[in-house]
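Notes for the structure review
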Number of protein chains: 2
Amino acid sequence: MRPTIRDVASKAGVSIATVSRALRDPQIVSKETQSKVALAAQELDYVPNHLGRQLAERRHAANGIVFPDLSGPYFAEVVLGYEAVAAELGRSVLLLSTRGRESAAAMVHDLAARTDGLVVLGRTVPDDALHSLVRRGVPLVLLARTPLAEIDSLNAENRQTARALAAHLTAAGAGAITFVGDPDLSPDIAERLEGLEAGAGGATVTVTRTPELDEGSGQRAGDAVVASGRLPDAFACANDELALGLMTTLRAGGVRVPDDVLVSGWDDVMAARYAGLTTVRQPMRDLGATAARMLDELIRGQRTEPRHEVLATELIIRTSTTSTTGTTSTT
Amino acid sequence: MRPTIRDVASKAGVSIATVSRALRDPQIVSKETQSKVALAAQELDYVPNHLGRQLAERRHAANGIVFPDLSGPYFAEVVLGYEAVAAELGRSVLLLSTRGRESAAAMVHDLAARTDGLVVLGRTVPDDALHSLVRRGVPLVLLARTPLAEIDSLNAENRQTARALAAHLTAAGAGAITFVGDPDLSPDIAERLEGLEAGAGGATVTVTRTPELDEGSGQRAGDAVVASGRLPDAFACANDELALGLMTTLRAGGVRVPDDVLVSGWDDVMAARYAGLTTVRQPMRDLGATAARMLDELIRGQRTEPRHEVLATELIIRTSTTSTTGTTSTT
DNA sequence: TTGAAAGCGCTAACAA
DNA sequence: TTGTTAGCGCTTTCAA
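Each chain carries its own residue numbering, running from 1 in the written order of its sequence. All chains are assigned letters beginning at A, and all ligands numbers beginning at 1, according to the order in which they are written. Per-residue local features of the predicted model are confined to residues with pLDDT of at least 70, and side-chain atom pairs are confined, for both listing and counting, to 80 or more; whole-chain, interface and lining totals are unaffected and use all residues. Calculated side-chain values reflect all of the structure's heavy atoms, with hydrogen atoms and water omitted.

Under the annotation held in an unreviewed UniProt entry, chain A carries the name LacI family DNA-binding transcriptional regulator and is attributed to Nocardioides bigeumensis.

Here is the structure:
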């Protein structure tokens, strides 16, 4: 059995209250007591039990982060930025992916019950579940999700940069742009489409909906395009993975990118750099880090008014020659 | 204040023990009691406090995962695989990155104190800290780390596939191979180098050490090569990010890859596909998932003998024409 | 400066 | 089937 505060107390010949004091604030006990306790704790290899401590303190010193089905580089980066700041603030991070789980709302409630607050990404949790969390007094920050007036939100700028992207595409001669991705999937995507339309000027914008935001969906979209034999001047995709899948399939189908058609993504994941993909860079780590800070303010009760933040994004224009890739696999 | 079990009990007109029973196993109370309790809980919007529950049960229903400075796609994938299985097993996941923190050992001990068991990746934690965890009875699985006889370990196969890689490179005419990466950084890397040497046949293998495993280190290695003007026949890099950074810099310096020199990586991250990089695929998700299962066995006490697992890896040969990429950025 | 004692919210004997 | 009660390991009044 692990030693408890009682073991340390009896070994040091003091009360458990004194052990507690000596360990959490050595100043407030006598020097002698302090060293007796320290020695006893050392010898017993004593580590305070967090559950007991937290139960008494009525706090968890832990934050949760909830992210959706979509895995991929974007979420990984956000989580890393979040963890870094949380650790700095002395908080552990509890991870929850709602990927393909029906019981998302229940799981999130459960997570809330073991943390001091939650960051919720994207469309992982229905609005009513969020409101019920708020009613329960759970500090909450929404990340990349439609802001709700009374709940903190953090987003990356979409519309403005999407306009810039549209301007870039039309300047490159695109008179017909196809947006790939479903604006109903997330507010981020809807905003990107809106910005694109707003910035397209005389160019036409049509929408090809995809069920997911992954490479596979991009590939299937590409298959359809190749089969139809009809190309727009540019594809503006809702994210990089979609764009990369699309581009690959187009090239495999004999379409030259960017000579025959332009393709752009969104996020600027690592693969986008190596694929020479024009895209929009989101400050992914910074999103995670900022969310952690906002949540901390809420948890400490330093703020009661909701904050709504938008971080800047950046258009990244890349030009690459067509590259052909072959793959062989051997175990 | 959040309602407690006592609030529910008094509202339902039963004892707290009955509430506890009704909520955790509805079968064992009378139908009538069950519905009274359910109703009261519902009306109060009662959610059991995990701390109280866990303190009484003496378990956390949470696992930790510790990963090193190296972020990047590899770790993200492992974590996702881990979380998926942990959630399936009814456990939450606590995340800890030791990235650039001196107090790693202390943080890991702290994490251990709030979880039922830990998966430790790579060289994040010194051996003595691991042994002290074992002494404390913390269930432990080492992932991508030198196995210690008495502790569970899980690794991806290195030597054999590295031999296959060497065979591929020499078959392609490489008589001089430079290994890029520091075998002292991790046992994985050391094994890759050993396998490469073992499979190189008559080819010579030299080693260029890099301080990190990231793109920046690869670029700096590339700069040095370009400056020296001397090329081996092939660069076998310790991981993909290194290889991608190196390849980019070589190409920028006028070296044609793969015409002038072959470059290979390790991991098969997404960017490797788009860069046309020859590499070795690791089952990253599966590593995370398997680690979670092994840890669960330990936590449940289903097994006392340590298990040492090695998952298969796969050589992925890609051929790509040189592609030139230009980047412009606009905010 | 220290100790005694009352909880924090819950589970699990044990009794009824 | 239900209630009583004694903890789980810790913090924190309140007294001494």
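There is more to say, and it comes next.
Here we come to the overall build of chain A. A tally of regular secondary structure across chain A gives 13 helices and 13 strands. Against the 2.2 N^0.38 benchmark of 20 Å for 331 residues, chain A shows a C-alpha radius of gyration of 26 Å, more extended than a compact globule. Along the first, second and third principal axes, the C-alpha set of chain A runs to 85 × 50 × 35 Å. Here chain A, with 331 residues, has 55% of them falling under the buried criterion. Expressed as a percentage of contacts within chain A between residues at least 6 apart in sequence, the contacts between residues at least 24 apart total 71%. Segments assigned H or I by DSSP are reported as helices when at least four residues long, segments assigned E as strands when at least two residues long, and all are numbered from the N terminus. Here the radius of gyration uses the C-alpha set of atoms, whereas the globule reference equals 2.2 Å times the residue count to the power 0.38. Between buried and exposed lies partly exposed: a residue is buried under 20% and exposed over 50% of the maximum accessible area for its type, with that area taken using a 1.4 Å probe on protein chains only. It only takes one pair of heavy atoms within 4.5 Å for two residues to be counted as in contact.

This brings us to the protein's contact with DNA strand D. Around DNA strand D sit 28 residues, and of these I5(A), Y46(A), T18(B), R21(B) and T33(B) come closest. The rule for a residue being near a molecule or strand is that one of its heavy atoms must lie within 4 Å of it. Sugar and phosphate atoms form 62% of the subset of DNA strand D atoms that lie within 4 Å of the protein. Throughout this description, a polar contact denotes any pair of N or O atoms lying within 3.5 Å of each other; where both atoms belong to protein, one of them has to be capable of donating a hydrogen while the other can accept it, and for residues adjacent in sequence the pair is counted only when both atoms sit in side chains. A distance of 3.3 Å separates a base nitrogen of DNA strand D from a polar side-chain atom of R6(A). Within the side chain of R24(A), one N or O atom sits 3.1 Å away from a phosphate oxygen of DNA strand D. Those elements that provide at least two residues to the surface near DNA strand D are α1 (5–12), α2 (16–24) and α4 (50–57) of chain A together with α2 (16–24) and α4 (50–57) of chain B. In the scheme used here, Gly and all other residues not listed as nonpolar or charged are polar, with Ala, Val, Leu, Ile, Met, Phe, Trp, Tyr, Cys and Pro taken as nonpolar and Asp, Glu, Lys and Arg as charged. Here the residues of the surface near DNA strand D sort into 13 nonpolar, 8 polar and 7 charged.

Taken together, 28 residues lie around DNA strand C, and T18(A), R21(A), T33(A), I5(B) and Y46(B) are the ones closest in. Restricting attention to atoms of DNA strand C within 4 Å of the protein, one finds that 66% of them are sugar or phosphate atoms. The separation between a base oxygen of DNA strand C and a polar side-chain atom of R21(A) is 2.4 Å. Measuring from a phosphate oxygen of DNA strand C, one finds a backbone N or O atom of I5(B) at 2.4 Å. Where the surface near DNA strand C is concerned, the elements lending two or more residues are α2 and α4 of chain A together with α1 (5–12), α2 and α4 of chain B. Taken together, the residues of the surface near DNA strand C break down into 13 nonpolar, 8 polar and 7 charged.

Our focus in this paragraph is the packing of α1(B) against helix α3 (residues 31–44) of chain B. For any two helices packed against each other, one specifies the inter-axial angle together with the distance between the axes. Residue and element names in this part refer to chain B. Helix axes are fitted to C-alpha atoms over the stretch in contact, other axes to C-alpha atoms as well, and angles between N-to-C directions run from 0 to 180 degrees. Between α1 and α3, the least distance of the axes is 9 Å, while the angle of their chain directions is 125°. As summarised for this structure, α1 and α3 are arranged oblique, according to the angle between their axes. The way α1 lies across α3 gives a crossing that is right-handed. Taken together, the residues of α3 that come into contact with α1 (itself represented by D7, V8, K11 and A12) are K36, V37, A40, A41, E43 and L44. Tallied by class, residues from the contact of α1 with α3 come to 6 nonpolar, no polar and 4 charged. Orientation labels follow simple angle bins: below 35 degrees gives roughly parallel, above 145 gives roughly antiparallel, 65 to 115 gives roughly perpendicular, and whatever is left gives oblique. Here a crossing is taken to be left-handed if its near helix is turned anticlockwise relative to the far helix by less than a right angle, and right-handed if that turn runs clockwise.

Okay, the sheet that holds strand β6 (residues 176–180) of chain A next. Residue and element names in this part refer to chain A. For two strands to be treated as a pair, DSSP must find no fewer than two bridges joining them. Spatially, the 4 strands line up as an open sheet ordered β7-β6-β8-β9, and their pairing is parallel. Strand pairing shows two members of the sheet lacking a second neighbour, β7 (204–208) and β9 (262–264), which therefore form its edges. With strand direction ignored, the average angle separating the axes of adjacent strands in the sheet is 20°. With 4 bridges connecting them, β6 and strand β8 (residues 234–237) associate as parallel partners. The residue of β8 that forms the bridge with T178 is F235. Of the strands in this sheet, β6, β8 and β9 are in contact with helix α8 (residues 159–171), which crosses β9 at around 170°.

To continue, consider helix α10 (residues 215–228) of chain A. Expected span of a helix, by definition, is 1.5 Å for each gap between consecutive residues, and there is one gap fewer than residues. Between its first and last C-alpha atoms α10(A) spans 20 Å; for 14 residues at 1.5 Å apiece the expected length is 20 Å, and the two agree. Residues E215(A), G216(A), S217(A), G218(A), A221(A), G222(A) and V225(A) constitute the buried set of α10(A). Those residues of α10(A) that are buried are in contact with β6, β8 and α11 (240–252) of chain A together with α12 (270–275) of chain B. Within two residues after α10(A), G229(A) carries a phi angle of roughly 75°, on the positive side.

Now for the sheet that holds strand β2 (residues 92–97) of chain A. Strand order across the open sheet formed by 12 strands is β11(A)-β5(A)-β4(A)-β3(A)-β1(A)-β2(A)-β2(B)-β1(B)-β3(B)-β4(B)-β5(B)-β11(B), with mixed pairing between neighbours. Among the strands making up the open sheet, the edge pair consists of β11 (308–311) of chain A together with β11 (308–311) of chain B. Taking the axes of each pair of neighbouring strands and ignoring which way they run, one obtains an average angle of 20° across the sheet. Pairing geometry for strand β1 (residues 62–67) of chain A and β2(A), over 6 bridges, is parallel. When the sheet's bridge partners are listed, A62(A) is paired in β2(A) with S92(A).

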